[in-house]
Amino acid sequence: MAERERKMTRPFGGVFVARTSVMSADDIDRAIWRMSHEIIEHNHGVDNVVVVGLQTGGVPLAERIGEAMVEITGRDVPFGTIDVALHRDDIGIRPVMPEEVTSIPCDLLNKVVVLIDDVLFTGRTIRAALDALTTFGRPRSVQLAVMVDRGHRELPIRPDYVGKNIPTRRDEVVDVTLDGVQLGEMRK
Amino acid sequence: MSPKHLLSIDDLGRDWIEEILRLTDSFAEVSARPIPKVPALRGKNIAWLFYEDSTRTRLSFETAAKRLSADTMNFSVSSSSVNKGESLRDTCLTISAMGVDAIVVRHKSAGVPWQIAKWIDASIINAGDGWHQHPTQALLDCYTLTQKFGSLDGRHIAIVGDIKHSRVARSDIAAFTALGAEVTIVAPQTLMPPSLEGWNCKVSHDLDAVLPTVDAVYLLRMQLERQQEALVPSLREYTAGYGLTDERLEHLGANTLIMHPGPMNRGVEISQKAADDPRSAVTQQVANGVSVRMAVLFLLLGNNGSDSHPNAPRPNDQGPNEGIL
C-alpha cells in the first residue's frame, strides 16, 4: 500500500501509511461529475453560485468540481478558497496556523456558496468555515459538498452532496487525493 | 515551540522571520475583508505600556489586536500612578494581577522589556527600548521589501541618517542581513555609534557613492530633539550631505524603494517630492505594520497550547501539544 507525506499544521502531519483503498481515481472522477450535476440540479443552474474550496485538502476537489460545472453549463462559476485557521475553536488548545491565504472572488451577499472539502469528520472545520464566510457578506444559502463523510460528528452539521459514506474508527486517517481515497494511519 | 516573547530580532533568526512574513499574507487578507475581524484571540487581554510617545506603533498594535478580537488595556504614563512615584516593577505586577496575556512595552531605557519578562508571566512584546531594538518595525520593513523584491537574498539596502540613536537601524540591520541582504549604513561620523564592533554591515560617509548601488534606501528620522547636542553643524548642511533631496531623487534607480519609519521631517532627511514619489513605500509600511503585528500577536498568543487554557480539555487524538516547528 502507498505511503505519502501529508502536509498539516506543524507538528502534525507526517507520513500517511495506507491500509485499505476505498476509492480509485476513476471512482473519484465519477463522484466529481455526479456531485457537479447534483449541485446544478439542486440550484436550477449556476446563477449566483460560488464554489469555495477549504484549504488545503478541499481545494483540488473544488477546482475539479468548478471546472465540471463550467463544462456542463457553459457558464462561468466564481471560484474561491478559504483557510479557516483563524476561526477555529481549538486555537490555544493545539497549534493552529493559517497555511494558505484566503481568496474570495466577490461579495457573498445573496450568493449561494457551495463549500467543498475532502473529508467531513467532527464538523468543526465546517463550523469555522461558516463563521469565516460571514466576514465576506451574507450568503443567501450555504451548501456543503464532501468527497468522504466518515461520521463521528460533534456538531449539528450535515453535507448536501457526498462522494461516499465511509464508516471509520476515530483513530483512523482518511486520505483523499485526486488519485483515490485510502484508509490508514499516520506514522509519526 | 513558538516563541513566547518578541524582544529582539536576534531571538528570531531567519526561520521565524520568514514564518512571520508568511503568516502576514494571511492577516493582510483579513484586513482586506468587508468585515476585517477574526475571532482568533477572543478572550485574550493585551496591555499597552508606553513610557514614550508613539502614534503609529500604538495605533497599529491597537488595530491589530482589535482585528483579532483581543481585549486591550490602555495605560498612558501621563495619567497613571507613575506620576505618584509607582515603580516600573509595581506597575507591571499591578497590570499582571488584573490578568493579561501580553504586554506591549515601549520605554526610553534599553533592556526594560527583558526585565519585565523576568518579573511576570505574560508574553512581552518590545515596541521600542531606547536606542536598542524595535523588532516589529524591522519585521514590517522586511515584509514591505519582500512585497517588492520577493527574496532579499543579495539585495543591497542603505540605511541613512541618525544611526547612533536609532533602534530601528539596529533591528533592521539584524533582520535584513538575516534574510540575506547586504546593508550599508550611511551617516556623518558624529551620527555613527561609538563602536561598530559586531555590526554586520558596511559603513559609508558618502551617500552619492552608495545610492546607485542600492535596491532600497531607508531614511531615518533626524532626531531634531537631540540637536542641542550639536551633532551636525546645521540641518541644512545635513540635508545637503545626507538627505534624499530632489536632485538625488532624479538620479535614483527606477526600481529603488524609498523607505522611512516615520514620522518624517519633510525637507530634512527626505524632500517633499521624495516622500510622495511613486517609489516611496512609506504609506505601504504603515499599512503593512498592522498585518505584521497581527501575525506577531497571533504567533505569540494563539499558540501557547494548554499553557493559556489550563482547564481546556486535551483530546487524546490531537497529538503532542508542543508549539510549532
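Report on the accompanying structure. Quick caveat, the model's predicted, so the values are computed rather than measured.

Rules and cut-offs
Each residue is numbered by its place in its chain's sequence as written, counting from 1. Chains carry letters and ligands carry numbers; both start at the beginning, A for chains and 1 for ligands, and go up in the order they are written. The model is predicted, so local features are restricted to residues of pLDDT at least 70 and side-chain atom pairs to those at 80 or more, both for listing and for counting; the totals for chains, interfaces and linings are taken over all residues. Just so you know, side-chain values use all the structure's heavy atoms and leave hydrogens and water out. Secondary structure follows DSSP: runs of H or I at least 4 residues long count as helices, runs of E at least 2 residues long count as strands, and numbering of each begins at the N terminus. Working definition: with a 1.4 Å probe on protein chains only, accessible area under 20% of the residue-type maximum means buried, over 50% means exposed, and in between means partly exposed. By the convention used here, residues are in contact when the closest approach between their heavy atoms is within 4.5 Å. One requirement defines pairing of two strands: DSSP has to find at least two bridges between them. Only the contacting stretch of a helix is used when fitting its axis, a line to C-alpha atoms as for every element, and angles between N-to-C directions run 0 to 180 degrees. Multiplying 1.5 Å by the helix residue count minus one yields the expected span of that helix. Any pair of Phe, Tyr and Trp rings, taking the six-membered ring for Trp, is counted once the centres come within 6.5 Å. Such a pair is stacked with planes under 30 degrees apart, edge-to-face with planes over 60 apart, and tilted for the rest. Note: the arc covers the axis-to-C-beta directions of the helix. Orient the strands so they point away from the viewer; a crossover is then right-handed if the path from the first strand over the helix to the second runs clockwise.

1. Section: the side chain of Thr24 of chain B
Residue and element names in this part refer to chain B. With respect to the helices and strands, Thr24 occurs in helix 1 (residues 13–31). Judged by its relative accessible area of 0%, Thr24 is buried. Those residues in contact with Thr24 that lie beyond four places of it in its chain are Tyr143, Ser291, Val292 and Ala295.

2. Focus: the sheet that holds strand 3 (residues 49–54) of chain A
Residues and elements named next belong to chain A. One open sheet accounts for 5 strands, arranged 4-3-5-6-7; its pairing is parallel. Among the strands making up the open sheet, the edge pair consists of strand 4 (79–82) and strand 7 (161–165). Shown here is a sheet whose adjacent strand axes are inclined to one another by a mean of 25°, direction ignored. Bridge analysis of strand 3 against strand 5 (residues 112–120) gives 5 bridges, and the strand direction is parallel. If you follow Gly53 over to strand 5, its bridge partner there is Ile116. In this fold helix 1 (residues 25–42) packs onto strand 5, strand 6 (141–149) and strand 7, with an angle of close to 150° to the strand it touches most, strand 7. The sheet contacts of helix 2 (residues 58–73) involve strand 3, strand 4, strand 5 and strand 6, and relative to strand 3 the element is tilted by about 155°.

3. Quick notes on helix 11 (residues 282–301) of chain B
For helix 11 of chain B, with 20 residues, the first-to-last C-alpha span of 29 Å sits near the 28 Å given by 1.5 Å per residue. The element helix 11 of chain B is largely enclosed, with a buried count of 16 among its 20 residues.

4. A few points about the packing of aromatic side chains
Pairs of aromatic rings are described using the distance from one ring centre to the other and the angle between the two planes. Residues and elements named next belong to chain B. In this structure the tally under the stated criterion is 3 aromatic pairs over all chains. Taken together, a centroid distance of 5.7 Å and an interplanar angle of 55° make the contact between Phe27 and Phe298 tilted. Placement of Phe27 in helix 1 and of Phe298 in helix 11 is noted, with a sequence separation of 271 residues between them. Taken as a pair, Phe27 and Phe298 share a single burial class, namely buried. Seen in terms of ring centroids, Tyr238 and Tyr242 are 5.9 Å apart; in terms of plane orientation they differ by 25°. Their pairing is stacked. Of this pair, Tyr238 and Tyr242 both sit in helix 8 (residues 235–242), separated by 4 residues, roughly a single helical turn. For Tyr238, a relative accessible area of 2% gives the class buried.

5. Describing the sheet that holds strand 2 (residues 71–73) of chain B
Note on sheets: strands pair through backbone hydrogen bonds, and any given pair is parallel or antiparallel. All names here are of chain B. The 4 strands are arranged 2-1-3-4 in an open sheet whose pairing can be described as parallel. Only two strands of the sheet have a single neighbouring strand rather than two, namely strand 2 and strand 4 (123–129). Neighbouring strand axes in the sheet, compared pairwise and without regard to direction, differ in orientation by 20° on average. Sheet analysis places strand 1 (residues 45–50) next to strand 3 (residues 102–107), joined by 5 bridges and oriented parallel. Residue pairing in the sheet places Trp48 in a bridge with Val104 of strand 3.

6. Points about helix 3 (residues 88–97) of chain B
Residues and elements named next belong to chain B. Restricting attention to buried positions, one finds in helix 3 the residues Leu88, Thr91, Cys92 and Ile95. Looking straight down helix 3, one finds its buried side chains confined to an arc of 95°; they lie on one side. Those residues of helix 3 that are buried lie in contact with strand 1, strand 2, strand 3 and helix 4 (112–119). Within two residues after helix 3, Gly99 carries a phi angle of roughly 90°, on the positive side.

7. What to know about the environment of Asp107 of chain A
All names here are of chain A. Note on placement: Asp107 falls in the loop between strand 4 and strand 5. With a relative accessible area of 47%, Asp107 lands in the partly exposed category. Along the primary structure Asp107 and Thr135 are separated by 28 residues, whereas in three dimensions their C-alpha atoms are 9.9 Å apart. Once residues within four sequence positions are removed from consideration, Asp107 is found in contact with Phe136 and Gly137.

8. Considering the pairing of strand 4 of chain A
All names here are of chain A. The pairing of strand 3 with strand 4 spans 4 bridges and is classified as parallel. The residue of strand 4 that forms the bridge with Val51 is Phe79. As for the winding sense of the linkage, the β-α-β connection from strand 3 through helix 2 to strand 4 is right-handed.

9. Considering the environment of Ala158 of chain B
All names here are of chain B. For Ala158, the position within the fold is in strand 5 (residues 156–160). Along the backbone, Ala158 and Ile185 are 27 residues apart, and their C-alpha atoms lie at a distance of 5.7 Å. In contact with Ala158, other than residues within four places in its own chain, are Thr184, Val186, Val210, Val214, Ala216, Val217 and Tyr218.

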